[in-house]
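# Remarks on the overall topology
Residue strings, one per chain:
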Amino acid sequence: MLRLNKYLADCGIGSRRECDELISAGFVKVNGKTAALGQIVDDNSHVTVRGKRVGDKQKLYYIMLNKPKGCVTTVKDDLGRKTVMDFVDVKARLYPVGRLDYDTEGLLLLTNDGDLSNKLTHPRNEINKTYVCRISGVLKENERLQMERGVLIDGVKTARAKVRIVEQDQHHTRCEVTIHEGRNHQVKKMFEAVGKEVEFLKRIAVGDLRLGGLNRGEYRFLNDSEVEYLKNL
Ligand code: URA
């Protein structure tokens, strides 16, 4: 016995919220009758979405990929470019959690758990994402502090961030940057706001979950305690 929105989410239809929208819109039927929000179903219920039977509850997958640069973070690319899905050999409808740019590499989660995906990407939850980056030139202390306190991107100030200089010479600076927002090209734009260009960008952690020794283009399944950790973030 479980709520219809949870049942649909477990079947891989979408997040619970998205499933509630389908229910409200009248697209979902249980045993031939239009379903109601909050309805309870069990394994014997005949559930359809837009007239199509929703089958057995789907196995949920949680994968960490070390995304290489030169691929897009989508399931399918209209321009025929390589996508992150080309690196993962799993017969399930997975999708990426958030987005890394074409030329960004590193930790990307893939799942068919819509609830977890929503949780990890919703700005309200302020999930930390940590990047290592190499920028051209020297990042001065006042610029570093400006980035930590917030800079304007498209007229909106960024939230507090952590920017740590790891190594520096007169041509380049290597930094570790932790942000909890997920705006488009955010790290690059934060550096751009202080007049610096990012030459290399790699995500190394989501919360305390780290990329570790995973090679470029390789993936692994998260273990149970890693999945629990993400669900409790
Ligand atoms: N910030 C960026 O600028 N690019 C990414 O891919 C991720 C964060």
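Residues numbered from 1 in each chain as written. Predicted model: local features only at pLDDT ≥ 70, side-chain atom pairs only at ≥ 80, totals over all residues. Heavy atoms only, no water.

Here the focus is the overall build of the chain. Looking only at helices and strands, the chain features six helices and 17 strands. Based on the C-alpha atoms only, the size of the chain along its principal axes is roughly 70 × 35 × 35 Å. Element-wise, carbon and sulfur atoms account for 46% of the exposed surface of the chain, whose accessible area totals about 12,800 Å². Between the mean site of the 41 positive side-chain charges and the mean site of the 33 negative ones, the chain shows a separation of 2 Å. (Helix = DSSP H or I, 4+ residues; strand = E, 2+ residues; numbered from the N terminus. Areas by Shrake-Rupley, 256 points an atom, 1.4 Å probe, with all protein chains shown as cover. Lys, Arg positive; Asp, Glu negative; His and termini not counted. Charge placed at Lys NZ, Arg CZ, Asp CG, Glu CD.)

To continue, consider the site of the ligand. Around the ligand sit Leu100, Asp101, Thr104, Tyr131, His185, Gln186, Val187, Lys188 and Leu201, and that is every residue in its neighbourhood. Here a nitrogen atom of the ligand sits 3.1 Å away from a polar atom, N or O, in the main chain of valine 187. Coverage of the ligand by the protein amounts to 96% of the 230 Å² it exposes when considered alone. Split by residue class, the shell around the ligand holds four nonpolar, three polar and two charged. (Near = heavy atom within 4 Å. Polar contact = N/O pair within 3.5 Å; in protein donor to acceptor, adjacent residues only side chain to side chain. Nonpolar A, V, L, I, M, F, W, Y, C, P; charged D, E, K, R; others polar.)

Next up on the list: helix 2 (residues 16-24). Turning to helix 2, its buried residues number three or more, namely Cys19, Leu22 and Ile23. The buried residues of helix 2 occupy an angular sector of 100° when projected down its axis, which confines them to one face. Buried positions along helix 2 lie against helix 1 (4-10), strand 2 (28-30) and strand 5 (47-49). Two residues or fewer past helix 2, glycine 26 is found with a positive phi of approximately 85°. (Buried < 20%, exposed > 50% of the residue type's maximum accessible area, 1.4 Å probe, protein only. Arc of directions from axis to C-beta. Contact = heavy atoms within 4.5 Å.)

It is worth spelling out the packing of aromatic side chains at this point. Summed over all chains, the structure comprises two aromatic pairs. Taking the centre distance of 6.3 Å and the plane angle of 45° together, the rings of tyrosine 61 and phenylalanine 221 count as tilted. With tyrosine 61 in the loop between strand 6 (52-53) and strand 7 (62-67) and phenylalanine 221 in strand 17 (residues 219-221), this residue pair connects regions lying 160 residues apart in the sequence. Given the relative accessible area of 19%, tyrosine 61 is considered buried. (Phe/Tyr/Trp six-rings, centres within 6.5 Å; stacked < 30°, edge-to-face > 60°.)

Glancing now at the pairing of strand 7. In terms of burial, strand 7 is largely enclosed, as six of its six residues are buried. Here six bridges tie strand 7 to strand 9 (residues 105-111), and the two strands are oriented antiparallel to one another. Across the sheet, residue lysine 67 finds its bridge partner in strand 9, namely glycine 106. In terms of strand pairing, strand 7 meets strand 17 through three bridges, oriented antiparallel. Residue leucine 65 lies in a different strand from strand 17, and its bridge partner there is tyrosine 219. (Pairing = 2+ DSSP bridges.)

Let us now look at the environment of glycine 98. Counting through the fold element by element, glycine 98 comes out in the loop between strand 8 (95-96) and strand 9. Accessibility expressed as a relative area gives 35% for glycine 98, which makes it partly exposed. Once residues lying within four places of it in the same chain are set aside, the contact partners of glycine 98 are Thr73, Leu108 and Thr121.

The biggest cluster of nonpolar side chains holds 30 residues, and the ones touching the most others in it are Leu110, Cys133, Leu139 and Phe191. With sequence-adjacent residues up to four places away left out, cysteine 133 is seen in contact with Thr173, Arg174, Cys175, Val177, Val187, Phe191, Val198, Phe200 and Leu201. (Core = buried A, V, L, I, M, F, W, Y, C linked by side-chain atoms within 4.5 Å.)

Strand order in the open sheet formed by four strands is 3-2-5-6, and the pairing between neighbours is antiparallel. Since the sheet does not close on itself, it has two edges, and those belong to strand 3 (33-34) and strand 6, each with one partner. For strand 2 and strand 5, the ladder comprises three bridges, and the chain directions are antiparallel. Directly across from valine 28, in strand 5, lies its bridge partner valine 49.

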